[in-house]
Amino acid sequence: MTRTTAAPSVDLAQVIPGLGAYARTTVRLHPRPGSPGPRDSHIGGPLAWPASEAWPHCEAADCDLYLEDPGSPMVALVQLTAADFPEITFPDGTDLLQILWCVGYHGGAEDVPCRLVWRRAAEVTEILQEPPVPDLEDELPGFYETYIPRPCVLHPERVIEYPWIWDLPEDLRGRVQAWDQDKDQYEQLSTAPGFKIGGTAIHGSVPSGLKCVVCDAPTVLFLQLDNGEGDGRWCAVEDGQPDYGTPEYEQVYTPTGMLIDVGPGGLLACSADFGHPVVFHRQ
């Protein structure tokens, strides 16, 4: 089934002169619990990881899951194919992106160690069947599991959104405020919550002005993760308004089973070179 975002009650580009120039396309992922295959795009499913290749481990010394060199196994987070996401600039010769992260606690840091792996799917002829998993047996029950996504299939949808108001030029910001009159309509209508590729980060979810640690270029939002899909303006038409406590409600509002602290977080990448180190910033 496809997922379609409900049309906004107001066309912001029409009621706020000049805003249309700042329209951006984001790809809402609309994850839903399912059984994705190892070569599909998905959140939390099996990766097309070569059986002959070592599985990534967290190497952060302050990781509380650090057992011994080389540390605790990372967890498969997302897999994306070039066929499903032509918006992503894949390095030459690759068509598969795999993202893994560490579910451990890192000394109070808001940044989560991540690993991006770009590969050519056709070169993976034998897939690793049983990847290593972090040893959580003696850890806080249920705490670390909130960062381990359940397998979800994706339903990509391209939608238009607009920047956070304080990222707009002063004169345009003034026109937004004059139209909005402190009713928070712009914030509710402009930026997509939930799971998405690219676009604008939800206000407050990631700090602004962060630079790449390698080349000092500005970072951009590559992947946003959230606790759920959002409601109101951003509900998928096909989902309706499921009742609280029902399986349908869980699929819409907590599809991956993850709890990204108090709200969305973002994987920030270098705007000049996606091959440079990335970091997932959570609130």
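Residues numbered from 1 in each chain as written. Predicted model: local features only at pLDDT ≥ 70, side-chain atom pairs only at ≥ 80, totals over all residues. Heavy atoms only, no water.

For the rest of this paragraph, the subject is the nonpolar core. Counting 39 residues, the largest nonpolar core has Ile 99, Trp 101, Leu 223, Leu 225 and Leu 267 as the members making the most contacts within it. Looking at this core, the elements with two or more residues in it are β4 (75-81), β5 (96-101), β6 (111-119), β10 (219-225) and β11 (265-270). Excluding its chain neighbours within four sequence positions, the residues that come into contact with Ile 99 are Val 75, Ala 76, Leu 77, Val 78, Arg 115, Leu 116, Phe 222, Leu 223 and Leu 267. (Core = buried A, V, L, I, M, F, W, Y, C linked by side-chain atoms within 4.5 Å. Buried < 20%, exposed > 50% of the residue type's maximum accessible area, 1.4 Å probe, protein only. Helix = DSSP H or I, 4+ residues; strand = E, 2+ residues; numbered from the N terminus. Contact = heavy atoms within 4.5 Å.)

Centre-to-centre distance and the angle between the planes together describe a pair of aromatic rings. Taken as a whole, this structure holds 7 aromatic pairs when the rule is applied. Plain terms: the ring middles of Phe 90 and Trp 118 are 5.3 Å apart, the flat faces sit at 85 degrees to each other, and that makes the pair edge-to-face. Of this pair, Phe 90 sits in the loop between β4 and β5 while Trp 118 sits in strand β6, and the two are 28 residues apart along the sequence. In this pair, the class of Phe 90 matches that of Trp 118, namely buried. Put simply, the rings of Trp 101, Tyr 147 and Phe 280 pair up and form one aromatic cluster. Above the ring of Trp 49, the side-chain terminus of Arg 119 is found at 4.7 Å from the ring centroid. (Phe/Tyr/Trp six-rings, centres within 6.5 Å; stacked < 30°, edge-to-face > 60°. Lys NZ or Arg CZ within 6 Å of the ring centre and 35° of its normal.)

Within the fold, Glu 126 resides in the loop between β6 and β7 (152-153). Relative accessible area serves as the criterion here: at 57%, Glu 126 is assigned to the exposed category. Remark: the alpha-carbon pair of Glu 126 and Gly 107, spanning 19 residues in sequence, is separated by 37 Å. Apart from the residues lying within four places of it in its own chain, the contact partners of Glu 126 are Trp 49, Pro 50 and Ala 51.

Across the protein, pLDDT averages 88, with 94% of residues at or above 70. The secondary structure element of the protein with the lowest average pLDDT is strand β12 (residues 279-281), at 80, and the one with the highest is strand β3 (residues 42-43), at 98. (pLDDT = per-residue confidence, 0-100.)

Judged by pairing direction, the sheet is antiparallel, and its 12 strands sit side by side in the order β2-β7-β3-β4-β5-β6-β12-β11-β10-β9-β1-β8 without closing on themselves. Each edge of the open sheet is held by one strand with a lone partner, namely β2 (32-33) and β8 (157-161). Of the pairings in the sheet, the one linking β5 to β6 comprises 6 bridges and is antiparallel in character. Paired with Leu 100 across the two strands is Arg 115, which belongs to β6. (Pairing = 2+ DSSP bridges.)

All buried positions along helix α2 (residues 170-180) are accounted for by Leu 172, Arg 173, Val 176 and Asp 180. Down the axis of α2, the sector holding all buried residues measures 100 degrees, keeping them to one side. In α2, those exposed residues whose orientation departs by more than 90 degrees from the buried face are Glu 170, Asp 171 and Ala 178. Considering only its buried residues, α2 is in contact with α3 (185-190). (Arc of directions from axis to C-beta.)

What follows concerns the pattern of salt bridges. Enumeration according to the criterion identifies 7 salt bridges in this entry. Here Asp 239 ties to Arg 3 by a salt bridge, and the two come within 3.2 Å at their closest N and O atoms. Remark: Arg 3 occurs in the segment before α1 (12-15) and Asp 239 occurs in the loop between β10 and α4 (247-253); sequence separation between them is 236 residues. Judged on exposure class, the residue Asp 239 and its partner Arg 3 are both buried. The partner of Lys 196 in a salt bridge is Glu 161, and the shortest N-O contact between them spans 3.0 Å. Taken together, the positions of Lys 196 in strand β9 (residues 196-197) and Glu 161 in strand β8 put the pair 35 residues apart, joining distant regions of the chain. For Lys 196, a relative accessible area of 0% gives the class buried. The class for Glu 161 is buried, based on a relative accessible area of 0%. Linked through salt bridges whose partners overlap, the residues forming this network are Arg 3, Arg 32, Glu 229 and Asp 239. (Salt bridge = Lys/Arg side-chain N within 4 Å of Asp/Glu carboxyl O.)

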